[in-house]
Each structure stands twice: as structure tokens, then as C-alpha cells.
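Structural overview for review
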Amino acid sequence: MMKPGRIAAVHVPLLVITGCSGIQSALQPEGREAVELHGLLLASTGFSAAITLLVLALIIVAMWGPRSWRHRLAHEWLIFGGGIILPVVLLTCLLVYGLVTMDAGASRAARAEGPGITIVGKRWWWQVVYTSTDGERVVSANELRLPVGRPVTLRLESDNVIHSFWAPKLAGKLDMIPGRTNTLTVEAIEPSISRGQCAEYCGGAHALMSFYVVAMPAQDFDAWLEAEAGPASDPQNTAARRGSQLFQENGCGGCHTIRGTEATGTIGPDLTHVGSRHSLAAATLPNDAQAFSRWITNNQHIKPDNLMPVYQYLKPEEVEAISVYLEGLDLGD
Ligand code: CUA
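A quick note: this is a predicted structure, and the numbers were derived from the prediction, not measured. Per chain, the residues get numbers from 1 upward, laid out in the order the sequence is written. In keeping with the model being predicted, local features are shown solely for residues with a pLDDT of at least 70 and side-chain atom pairs are shown and tallied solely at 80 or more, while totals for entire chains, interfaces and linings include all residues. Neither water nor hydrogens contribute to the side-chain values; these are computed over all heavy atoms in the structure.

1. Quick word on empty space enclosed by the protein
A pocket, in this scheme, is an open set of points on a 1 Å grid over the protein atoms alone with protein on both sides within 12 Å along at least 5 of 7 lines, while a cavity is a set where a 1.4 Å probe fits but cannot get out; residues line either one if an atom lies within 4 Å of a point. Grid points are joined across faces, edges and corners, and a volume is the space filled by probe spheres set on the points. Considering all chains together, one arrives at two cavities of 30 Å³ or more under this definition. Here the largest cavity is characterised by a volume of approximately 60 Å³. Taken together, Y130, S140, E143, R145, W224, E228, H273, S276 and R277 make up the full set of residues lining the largest cavity. Only strand 4 (143-147) and helix 5 (218-228) provide two or more residues apiece to the lining of the largest cavity. Runs of E in the DSSP output that reach at least two residues are strands. Runs of H or I that reach at least four are helices, and both are numbered from the N terminus.

Next up, the structure:
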């Protein structure tokens, strides 16, 4: 068994490191709901701390204080005041504050603009479906783009097990349950890039089911969505053209869609503009040609039991060509 000293040696630095990583911290909110939750957290922690200190002080006085003070503490008014009136008043204040905060969330949901965004929990990644202004479905994956200052309703679904959508800087978490749609209205308050994580154990690779949230100025978001709705860019060089050909020949299009090509599969993430995303494999790998190669040949080691087979029979130069092709599928940014 691991000794307590060693457990502390392993876990304390980990806690310190994760505590510093503000990119996924609910303590640095960048969404309207997260700001409200942060306020609620500070208020309830402050209340609890103040009451704990007060009770400790009373205990100390009762045990070691001067006789006259102890005498006063023995009065009935303290039982009434401290035991009934004070808790009723303080807890009522906290309750009202909580109810006001929840109602603010409801009014935000009522103000939500546009047709919203559907996010489907997969094994172990996120399908993200936007609806463009002309009603077209724009399928993407593993990254959520939001317009700053516009409340947006996220429709959360799953076609397998229960996942939980949690972008701590944006809002609280909400489960994604097979057979039903849960809705969460979020509003980004400043342009930023943050990170989210599946918050419900959903299988071996649960911890590797993350995503990025990119909050953009509203007009930038509209321009981005219009570009995202378009077909994939054409391969720009010989390696990429060879990669495109190999992608089709090896049946990759059976599982992945690249709009504008013959690839129309829907089992894996849509790769139409995969080169423009901030990560690969649901925030597990960086987005570069080397990471594509690692994923193609070694994905079962990187994310065990994911639904993609490994392609170890491909020659290294073939893997490289496919990786160059995929990395080039960007929006020219
Ligand atoms: Cu999906 Cu945990």
C-alpha cells in the first residue's frame, strides 16, 4: 500500500498544478452562469466560514473564558438567538440568493437567440452540430465555438452511455442522457479559449474526453460559421493530394465525413475543417501532422477501446501523406 507521505508527495503537486491551470477553472469564470455560480460559491463559503469561526470562538469562551462571560453564554437568549433565529435568517438569505441566481438562468434561457447548438456525447468525443443562419446543419467535433454576448441554448444528447457536459469557465455541468435532450443556456462574456471535460464516468477513456471552448466576438463567430459550413479546402501540395487519395482508398470515408469529397461516414468525427481545431482526439493531442500520424498508427494506445482501428499496415510515408492532407483541412487561418 502507498504510504501517506508518498500519496501526499504525488497528489499535492498535482493539485497545485491543476489549481494553477486557469484554462479549466470555475474560479475564473468567463460565462454569465459561471459568474453567478462563482458568486454563490463565494457567498456560501463565506457564510460557512464565518459561522464556523463564530461557533469556535463561543466554544473557546465557554471552556476557558472568564467566569462572567461563561455566565452570559449560559443564558436562554443564546439558545434562541444563535440556535434558531440566526440560522433561519442566514439560511433564508442564502436560499433567496440561490433562487434569484436560478431565475437569472431561466431568463437567460428565454432570451437565447438562434436555433442553438446540439452536442452529442460519443465514445469518447463530442459531436457538435450548429445550425447556420439559412437553416443548414453544420457538423463539427470536439470544439465549441460561441458568440460573445449572445445567450445560446446547447441541446445535450447521447447515443450511447451517460456523459456529462462541463465547461467550468462557462457554466455548471449537465448530464447527457441517451433518449432525452437536456438543455443548457450559456452566454460567453468575453473572447477566450477555455477547456471542458466529460464529468460523468463513461468508460475507460472517460478522462480523455475533453474539448475546447472558443468564445469569439459575435461578428467573428458569424463569419466563422459561414466558413465552417463550406466544403473542405482542396489539397495544396503533392503530399496532401497523395494523402487525399490514400484517405479514400483505405476506406477512411466509411467513418468520417469530409464535405466536398466522397467521404460521408458518420461514425467518427467530421473532419471537413479538422485542421482549424485546437486539438485532436477530443483535446488529447495537439493539432499537427505528427499527432495525426501518432493517432492513425497508435490510437488504441493513446485512447484505449475507441472505435477507430489502428492502421499499422500503412507505410510511414503513406501515414505522413494522410497526416499532411488532414492537417491542411483548415479554414485558411
Ligand atoms: Cu464521457 Cu465521461
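Picking up after the structure, the text goes on.
2. Side note on the pattern of salt bridges
Only one rule defines a salt bridge in this text: a Lys or Arg side-chain nitrogen within 4 Å of an Asp or Glu carboxyl oxygen. With the rule as written, the count across this model stands at eight salt bridges. We note a salt bridge from E30 to K169, for which the minimum N-O separation is 3.6 Å. Of this pair, E30 sits in the loop between helix 1 (4-20) and helix 2 (32-64) while K169 sits in the loop between strand 6 (163-166) and strand 7 (174-176); the two residues are 139 residues apart in sequence, bridging distant segments of the chain. Across the pair, exposure class does not vary: E30 and K169 are buried alike. When the shortest N-O distance is used, the salt bridge between E143 and R145 registers 3.2 Å. E143 sits in the buried class, given a relative accessible area of 4%. The buried label goes to any residue with under 20% of its type's maximum accessible area, the exposed label to any with over 50%, and the partly exposed label to all in between, with areas taken from a 1.4 Å probe on protein chains only.

3. Here's the deal with the UniProt feature "transmembrane region" (unreviewed entry) in the chain
Mapped onto the present numbering, the UniProt feature "transmembrane region" (unreviewed entry) falls at residues 46-65 and 77-100. The distance separating the terminal C-alpha atoms of residues 46-65 is 26 Å; by composition the span is 95% helix and 0% strand. Along residues 77-100 one finds 100% helix and 0% strand; the C-alpha atoms at either end are 32 Å apart. UniProt positions are given in the numbering used here, feature names are shortened, and annotations may be inferred rather than shown by experiment.

4. A closer look at the side chain of N250
Counting through the fold element by element, N250 comes out in the loop between helix 6 (238-249) and helix 7 (289-302). A relative accessible area of 19% places N250 in the buried class. Here the side chain of N250 touches L246 through a polar contact of 2.9 Å, landing on its backbone oxygen. Residues are treated as being in contact if the distance between any of their heavy atoms lies within 4.5 Å. Beyond its immediate stretch of four places on either side in the chain, N250 contacts Y311, Y313 and L314. Any pair of nitrogen or oxygen atoms within 3.5 Å is treated as a polar contact; in protein, a donor-acceptor pairing is required on top of that, and neighbouring residues in sequence qualify only through side-chain atoms on both sides.

5. Comments concerning the packing of aromatic side chains
What counts as a ring pair is set by centres within 6.5 Å for rings of Phe, Tyr and Trp (its six-membered ring), and what kind of pair is set by the plane angle: stacked under 30 degrees, edge-to-face over 60, tilted for all other angles. Tallied over the full model, the rule gives eight aromatic pairs. Ring centres of W126 and F165 lie 5.8 Å apart, and the angle between their planes is 85°; this geometry places the pair in the edge-to-face category. Residue W126 is located in strand 2 (residues 126-131), and its partner F165 is located in strand 6; the two are separated by 39 residues in the primary sequence. The same class applies to W126 and to F165, which are both buried. Ring centres of Y130 and W224 lie 5.1 Å apart, and the angle between their planes is 75°; this geometry places the pair in the edge-to-face category. With Y130 in strand 2 and W224 in helix 5, this pair connects stretches of sequence that are 94 residues apart. With a relative accessible area of 9%, W224 lands in the buried category. Ring pairing ties together the aromatic residues W126, F165 and F211, which thus form one cluster. The ring of W166 carries the charged tip of K173 above its face, separated from the ring centre by 4.6 Å. Two thresholds decide whether a charge sits over a ring: the Lys NZ or Arg CZ must be within 6 Å of the ring centre and within 35 degrees of the ring normal.

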